[in-house]
Amino acid sequence: MRTLSILSGLILTIALCMPVNAMAKDVDSVKELIEKYDSARCKQCHEQIYKDWEKSLHYKALIGPFNKTLGTLKDYLTQRDGELKKSKEVTKSIKEYMEPCFGCHIPQIQDASEKAAREIANAVLKEDWDIVEKLQVNCIVCHNKNAIVRRFRDGNPEADTVYGTKDLGGVHGDKVFTKSKKNEMMADSAFCGGCHQGPNVLKSPEPIWCVSNYDSMLQNYIPNGGDKGCQDCHMRGEGMGHRFPPNYDDKEFEMKRLREHIKLDVKTLAYTFQIKNPNLVSMPMIVINTKVTHDIGHRFPDGCPSPTHFALNVTVKSKDGKEIFSDAKYYMPQLKLGYTENKMVFASFRKLSLMRDTALQPFKAKEETFEVKLPPGVGEATVEVSLNFVVEPGVKESVYELYKFTREVSIKGTEN
Ligand code: HEC
Ligand code: HEC
Ligand code: HEC
Ligand code: HEC
Ligand code: HEC
């Protein structure tokens, strides 16, 4: 009896000394945080997977393609003294301020102390590559920290366990993650939705629209009969696995993939149209029909790479090279800040409301018709139609010239 009361007194004293969430002990420096999630040793036994992952954007979660993520993250941090001044009244904590932005890019920030979070912020602001390169969506983030989608049902991830889709009998060769557990949810799209969804209006004090592949898939692909999941299209099959294409930095690889999934068809007709109005009017003209088809399971391009777009360019020139007509159509989501002004904005921390969406949508072809009336005396012309995918405007290597068609047309009767 006495031992029991001493013991329970002891337990009570210990419990009182502990912070409320003693389970989630904060990591006190960025160095320790990087070490805690260091996945380098996974390479010994999973070499191919590791090499593929190194080519993926998960490897560059704070950097992004053409460094554009690092730039926007810097802007977000800097805005705390500008556009987002009020945040200092809402929270003094830099960690809390970072959460709406960094929570998906590097979920390990949840383990960071205020001091460690400040170190991450400084590393981003100073572009300290030694640090930003090592904060990634890596093996341990996906196969441990974020592996469990339903925690009330399936529990928290355990510190010594890797979660995968197969049953390996509970054991695993790694020195820290000595156990393994089957977790079917990792093969479900909801697992990817943990980070690839938005805008996070309910969850966040500063709602951010970065990406919405998961939402878009649930609302536009599945209802129209789509039967594939994220893993089918991005992991299973040749050239995929842990590369998670698109890999915009690998031009040749990505050009092939985009051309495989996105097609452009062009039809032209030059003829003399006649109408009785009530007198007869003859109009020599060219009709250009374009059709972009694809087999993507969500809007594309999607939210966060906001200046990213398709440009469909059409020009018509007479035989002597003079431009008769030129037009462009842009395919992209078009967002605004959410206040009164109906003006498109870029950057994830500004855009929130979707005003218009001309991006490619599942099972929908994009069809356009251009009617070009020919000037007097012009009966022949050259039509040029091109489709470019521009990942980061201003960066030459980020422009994918997917298709370019040139057609010679004549009102005397060539057609195709
Ligand atoms: C809900 C999770 C989530 C939040 C919150 C989030 N991001 Fe993202 N972000 C992602 C994912 C996932 C991708 C990669 C997918 C893509 O590019 O479509 C991405 C891509 C990006 C890209 C584009 C890179 C590319 O692939 O072209 C930029 C830039 C970016 N994020 C910046 C930010 C900034 C800045 C914030 C905070 C203001 C933020 N993100 C908040 C999940 C998020
Ligand atoms: C973005 C999340 C993510 C990251 C990062 C990630 N994985 Fe995976 N991994 C998955 C998912 C999801 C599957 C299951 C794929 C499926 O269902 O087809 C998987 C499957 C696996 C498998 C079993 C399938 C196979 O091909 O043998 C192994 C082993 C594995 N991952 C190891 C790793 C290692 C090692 C790393 C780091 C280099 C890593 N993963 C990084 C999400 C991830
Ligand atoms: C000493 C070798 C060794 C090391 C180190 C190692 N693994 Fe494994 N791992 C294996 C073997 C063997 C398997 C079972 C065969 C397979 O599925 O590839 C396995 C399976 C897995 C699976 C289960 C895949 C599935 O099909 O469900 C995951 C996830 C995984 N490892 C992740 C990791 C991660 C993350 C690391 C680094 C922290 C790591 N492994 C380090 C040997 C190792
Ligand atoms: C822990 C959060 C997280 C999870 C889980 C996750 N991703 Fe990502 N994903 C990211 C981030 C962050 C990026 C890169 C952001 C950037 O470019 O700045 C990214 C990039 C990508 C890209 C490249 C995007 C581009 O613009 O080129 C693809 C494709 C992708 N993820 C697919 C998946 C799939 C499929 C799954 C599920 C099997 C998954 N991701 C799970 C966070 C996540
Ligand atoms: C039916 C096939 C299919 C399904 C299902 C699918 N995707 Fe995609 N996705 C594609 C193709 C094709 C592209 C075009 C570029 C590429 O992958 O190289 C793409 C592009 C992307 C991009 C780049 C977005 C951008 O704007 O640059 C991300 C991120 C992505 N998918 C994530 C996901 C996630 C997460 C899921 C599940 C919620 C998913 N995808 C489901 C086929 C699919």
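Look up a bit, the structure's there.
The structure contained in this document is the topic of the report that follows.

Calculation rules
Residues numbered from 1 in each chain as written. Chains lettered and ligands numbered in written order. Predicted model: local features only at pLDDT ≥ 70, side-chain atom pairs only at ≥ 80, totals over all residues. Heavy atoms only, no water. Salt bridge = Lys/Arg side-chain N within 4 Å of Asp/Glu carboxyl O. Helix = DSSP H or I, 4+ residues; strand = E, 2+ residues; numbered from the N terminus. Buried < 20%, exposed > 50% of the residue type's maximum accessible area, 1.4 Å probe, protein only. Phe/Tyr/Trp six-rings, centres within 6.5 Å; stacked < 30°, edge-to-face > 60°. Lys NZ or Arg CZ within 6 Å of the ring centre and 35° of its normal. Near = heavy atom within 4 Å. Polar contact = N/O pair within 3.5 Å; in protein donor to acceptor, adjacent residues only side chain to side chain. Nonpolar A, V, L, I, M, F, W, Y, C, P; charged D, E, K, R; others polar. Axes fitted to C-alpha atoms, helices over the stretch in contact; angles between N-to-C directions. Parallel < 35°, antiparallel > 145°, perpendicular 65-115°, else oblique. Left-handed = near helix turned anticlockwise from the far one by under 90°. Contact = heavy atoms within 4.5 Å. Donors = N, O, S within 2.8 Å, 3.2 Å for Na, K, Ca; no water. Tetrahedral: all angles 85-135°; square planar, octahedral: opposite > 155°, others 65-115°. Pairing = 2+ DSSP bridges.

**Some thoughts on the pattern of salt bridges**
Under the defined criterion, the tally for this structure stands at 20 salt bridges. With a shortest N-O distance of 2.7 Å, Arg41 and Asp174 are connected by a salt bridge. Here the residue Arg41 occupies a position in the loop between helix H2 (30–36) and helix H3 (47–55), and Asp174 occupies one in the loop between strand S1 (161–164) and strand S2 (179–182), the gap between them amounting to 133 residues. When its relative accessible area of 14% is taken as the criterion, Asp174 is described as buried.

**Notes on the packing of aromatic side chains**
On inspection of all chains with the given rule, the structure shows twelve aromatic pairs. Seen from their ring centres, Tyr248 and Phe389 are 5.9 Å apart, and the 45° between their planes marks the pair as tilted. Note that Tyr248 is positioned in the loop between helix H13 (230–234) and helix H14 (251–261) and Phe389 in strand S10 (residues 380–390), a separation of 141 residues in sequence. You can call Phe389 buried: its relative accessible area is 0%. Above the ring of Phe253, the side-chain terminus of Arg243 is found at 3.7 Å from the ring centroid. The cationic tip of Lys251 hangs over the ring face of Tyr400; the distance from NZ or CZ to the ring centre is 4.7 Å.

**Regarding the site of ligand 3**
Near ligand 3 there are 16 residues, and of these Cys42, Cys45, His46, Thr165 and His172 occur at the shortest range. At 2.8 Å, a backbone N or O of Thr165 approaches an oxygen atom of ligand 3. Contacts to ligand 3 include Lys166, whose backbone N or O atom sits 2.9 Å from an oxygen atom. Elements supplying a minimum of two residues to the shell around ligand 3: helix H9 (139–145) and S1. In terms of residue class, the shell around ligand 3 is built from seven nonpolar, six polar and three charged.

**Focus on the packing of helix H4 (residues 68–78) against helix H6 (residues 94–105)**
The contact between H4 and H6 brings their axes to 10 Å, and the two run at 165°. Comparing the axis directions of H4 and H6 gives the class roughly antiparallel. Both H4 and H6 take part in a crossing whose hand is left-handed. Contact residues: H4 offers Thr69, Leu73, Tyr76 and Leu77, while H6 offers Tyr97, Met98, Pro100, Cys101, Phe102 and His105. A breakdown of the residues in the contact of H4 with H6 according to their chemical character gives eight nonpolar, two polar and no charged.

**Some words on the packing of H4 against helix H7 (residues 114–125)**
H7 packs onto H4 with a crossing angle of 120° between their chain directions and a minimal axis gap of 9 Å. With respect to H7, the element H4 is oriented oblique. Judged by the sense of rotation from one axis to the other, the crossing of H4 with H7 is left-handed. Touching Leu70, Leu73, Lys74, Leu77 and Thr78 of H4 are Ala121, Val124 and Leu125, all from H7.

**Remarks on the coordination of the iron atom of ligand 5**
Surrounding the iron atom of ligand 5 are the protein donor atoms His234 (NE2) and His298 (NE2), which sit 2.0 to 2.1 Å from the metal. Seen from the iron atom of ligand 5, its six donor atoms lie at angles of 86 to 179°, and the figure they make is octahedral. Residue His234 is located in helix H13, and its partner His298 is located in the loop between strand S4 (280–294) and strand S5 (309–318); the two are separated by 64 residues in the primary sequence. With relative accessibility at 12%, the residue His298 sits in the buried group.

**Comments concerning the coordination of the iron atom of ligand 3**
Those donors, His46 (NE2) and His172 (NE2), are the protein atoms that reach the iron atom of ligand 3, and they lie 2.0 Å from it. Classification of the site at the iron atom of ligand 3 rests on its six donor atoms, whose angles at the metal span 89 to 180°, yielding the label octahedral. Separated by 126 residues along the polypeptide, His46 in the loop between H2 and H3 and His172 in the loop between S1 and S2 bring together distant segments of the chain.

**A look at the site of ligand 2**
The local shell around ligand 2 holds 19 residues, among which Cys139, Cys142, His143, Arg236 and His242 are the closest. Interatomic distance of 2.8 Å between a side-chain N/O atom of His143 and a nitrogen atom of ligand 2. At 2.9 Å, a side-chain N or O of His242 approaches a nitrogen atom of ligand 2. Among the elements of the structure, H3 and H9 are those that each provide at least two residues to the shell around ligand 2. The class makeup of the residues in the shell around ligand 2 is twelve nonpolar, six polar and one charged.

**Focus: the pairing of strand S6 (residues 323–331)**
For a regular strand, side chains alternate in direction, first toward one face of the sheet and then toward the other. Alignment of S5 against S6, held across eight bridges, turns out to be antiparallel. Bridged to Lys317 within S6 is Glu323. Two successive antiparallel strands, S5 and S6, enclose a turn made up of four residues, where Gly321 displays a positive phi of approximately 85°.

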